[in-house]
Amino acid sequence: SLISAYVEYPMASSRMMSARVSPPLGRLHGAKPALVSRPGRVAPPVRASAAQRGRGSTDDYVVTLVNISVTPGNEEGFVAHSVDNATNSVEEPDNRRFDVLQDLDDPSKFALLEVYSTSEGNDAHRDLPHSKAWREGVKDWMAEKRTWSVYKPVYPWAGLWGTAAASRRAKDGVQQPVQAAFLTLDKDGATAGAKAAAEDTKQITHVHVTCKPGTEDEFIEACLANAASSVLEPDNLRFDVLRHRDEPNKFMLVEVYATSEGPVAHKATPHYNEWRTTVEPFMQEPRRARKFRAVFPTDPAAWKMTLNDN
């Protein structure tokens with residue numbers, strides 16, 4: 001049987017497209033359809049529940065991408081300090097994600113993706129003991145000065161930023177404020193991440209995009225349709241769309257799949273091909289992709305987009 005999920009779908013042009021993911025599959029009414037991974041089918045309309053509409057917004061969210069180069073030979077020590085820092089960081093009340101990633105092409109390069117639901121939480125993080133201990137522990141291993149970029153979420157929306165800590169607590173049998181619900185079209189897909197639990201097969205890609213000024217709203221609209229369908233693919237764990245805070249024509253897509261088959265299948269879907277065709281005229285320069293392995297979190301359940309209570 002199919003799993004129902006309720007998702008709010010705000011469009012970049014201030015229009016609202018609502019759709020309800022629920023069997024039987026139907027047709028969108030009004031707005032342009034978001035195609036799903038099944039050939040010939042479209043994502044049914046999605047209507048947000050009252051509970052989800054009351055979960056606030058992501059206006060105050062702060063997403064920071066930190067790029068780090070470590071002197072060769074110190075990768076293992078850097079990983080140990082970073083995992084300790086991340087494990088404590090996801091316990092912070094305003095934290096939504098704290099990803100530690102290692103570049104597949106150059107193992108001496110890492111990326112941290114830190115997501116906080118408030119600027120206060122983001123700022124407070126730097127003064128906490130585990131953050132200070134991390135900076136002190138890794139400072140002598142920096143091959144060059146760390147760089148960072150700040151983004152604002154476009155997708156997922158508020159209510160769909162379940163935390164790594166929440167996933168861990170659920171696994172340990174501790175009640176979550178809101179039960180995590182995996183968004184997927186098919187029953188087997190609800191546990192897609194379980195296939196990678198014993199062995200890390202995750203495929204993590206950051207796609208960096210620069211749009212021609214003036215095309216940002218159209219690009220966002222196309223990305224929302226693509227992302228909302230991509231998270232329904234059985235092998236998908238995340239499909240985040242982020243907008244650069246200071247350079248609004250720059251975006252980053254965070255695509256995470258449970259296995260290597262996931263990205264291949266994704267590129268064969270109608271919604272991906274519709275997105276690619278639609279956004280091609282908006283590109284100011286070729287898109288750039290970086291591929292990573294997950295240092296933290298490693299549990300696929302901690303990556304899957306889940307419900308949260310704020």
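First, a word on what this report is: a plain description of the structure on this page. (Residues numbered from 1 in each chain as written. Predicted model: local features only at pLDDT ≥ 70, side-chain atom pairs only at ≥ 80, totals over all residues. Heavy atoms only, no water.)

**Some remarks on helix H2 (residues 75-89)**
Put simply, the rule reads: To qualify as a helix, a DSSP run of H or I must reach at least 4 residues; to qualify as a strand, a run of E must reach at least 2; elements of each kind are numbered from the N terminus. Multiplying 1.5 Å by the helix residue count minus one yields the expected span of that helix. For the exposure calls, accessible area comes from a 1.4 Å probe over protein chains only, and a residue counts as buried if that area is under 20% of its type's maximum, exposed if over 50%, partly exposed in between. Our arc is simply the arc of the directions from the helix axis toward the C-beta atoms. Residues count as neighbours in contact if any of their non-hydrogen atoms are within 4.5 Å of one another.
Between its first and last C-alpha atoms H2 spans 20 Å; for 15 residues at 1.5 Å apiece the expected length is 21 Å, and the two agree. By the burial criterion, the buried members of H2 are Glu 75, Phe 78, Val 79, Ser 82, Asn 85, Ala 86 and Ser 89. For H2, the arc enclosing every buried residue in end-on projection is 135°, short of the 170-degree limit, so these residues lie on one face. Taken together, the buried residues of H2 touch strand S3 (62-69), strand S4 (95-103), strand S5 (109-116), helix H3 (119-125), helix H4 (129-138) and strand S10 (288-296).

**Quick look at the state of the cysteines**
Short version of the rule: Any pair of cysteine sulfurs within 2.5 Å is marked as a disulfide.
Counted according to the given criterion, the structure contains 0 disulfides. Free of any disulfide, Cys 211 has its nearest cysteine sulfur in Cys 223, 7.2 Å distant.

**Describing the packing of aromatic side chains**
To keep things clear, this is the line we draw: Stacked, edge-to-face and tilted labels apply to pairs of Phe, Tyr and Trp rings (six-membered ring for Trp) whose centres lie within 6.5 Å, assigned for plane angles under 30 degrees, over 60, and everything in between, in that order. Whether a charge sits over a ring depends on NZ of Lys or CZ of Arg being within 6 Å of the ring centre and within 35 degrees of the ring normal.
Summed over all chains, the structure comprises 7 aromatic pairs. Ring centres of Tyr 272 and Trp 275 lie 6.0 Å apart, and the angle between their planes is 35°; this geometry places the pair in the tilted category. In this pair, Tyr 272 and Trp 275 are both assigned in helix H8 (residues 270-279), 3 residues apart and thus about one turn of the helix distant. Like Tyr 272, the residue Trp 275 is buried in the burial classification. By way of ring pairs, the aromatic residues Phe 219, Phe 251, Tyr 272 and Trp 275 are connected into one cluster. Of note, Arg 238 hangs over the ring of Trp 161, and the distance from its end group to the ring centre comes to 5.4 Å.

**Regarding the pattern of salt bridges**
The cut-off we apply is this: Counted as salt bridges are all cases of a side-chain nitrogen of Lys or Arg within 4 Å of a carboxyl oxygen of Asp or Glu.
One pass over the full model with this rule turns up 8 salt bridges. Across the pair Glu 280 and Arg 287 runs a salt bridge whose closest N-O atoms are separated by 3.7 Å.

**Examining the pairing of S10**
Which entries qualify depends on this criterion: When DSSP finds at least two bridges between two strands, those strands are taken to pair.
For S4 and S10, the ladder comprises 4 bridges, and the chain directions are antiparallel. Directly across from Asp 103, in S10, lies its bridge partner Phe 292. For strand S7 (residues 203-210) and S10, the ladder comprises 5 bridges, and the chain directions are antiparallel. What sits directly across from Thr 205, in S10, is Lys 291.

**Brief notes about the nonpolar core**
Rules: For the purposes of this section, nonpolar cores are sets of buried Ala, Val, Leu, Ile, Met, Phe, Trp, Tyr and Cys residues that join through side-chain atoms within 4.5 Å.
Tyr 155, Val 209, Phe 219, Val 241, Trp 275, Val 279 and Met 283 are the most contacted members of the largest nonpolar core, which has 27 residues in total. Those elements that place two or more of their residues in this core are strand S6 (147-155), S7, helix H6 (216-230), strand S8 (236-244), strand S9 (250-257) and H8. Broken down by element, the residue count for this core peaks at 6 residues, all from H6. With near-sequence residues (within four places) excluded, Tyr 155 lies in contact with Trp 161, Leu 224, Ala 227, Ala 228, Val 231, Phe 239, Asp 240, Val 241 and Met 305.

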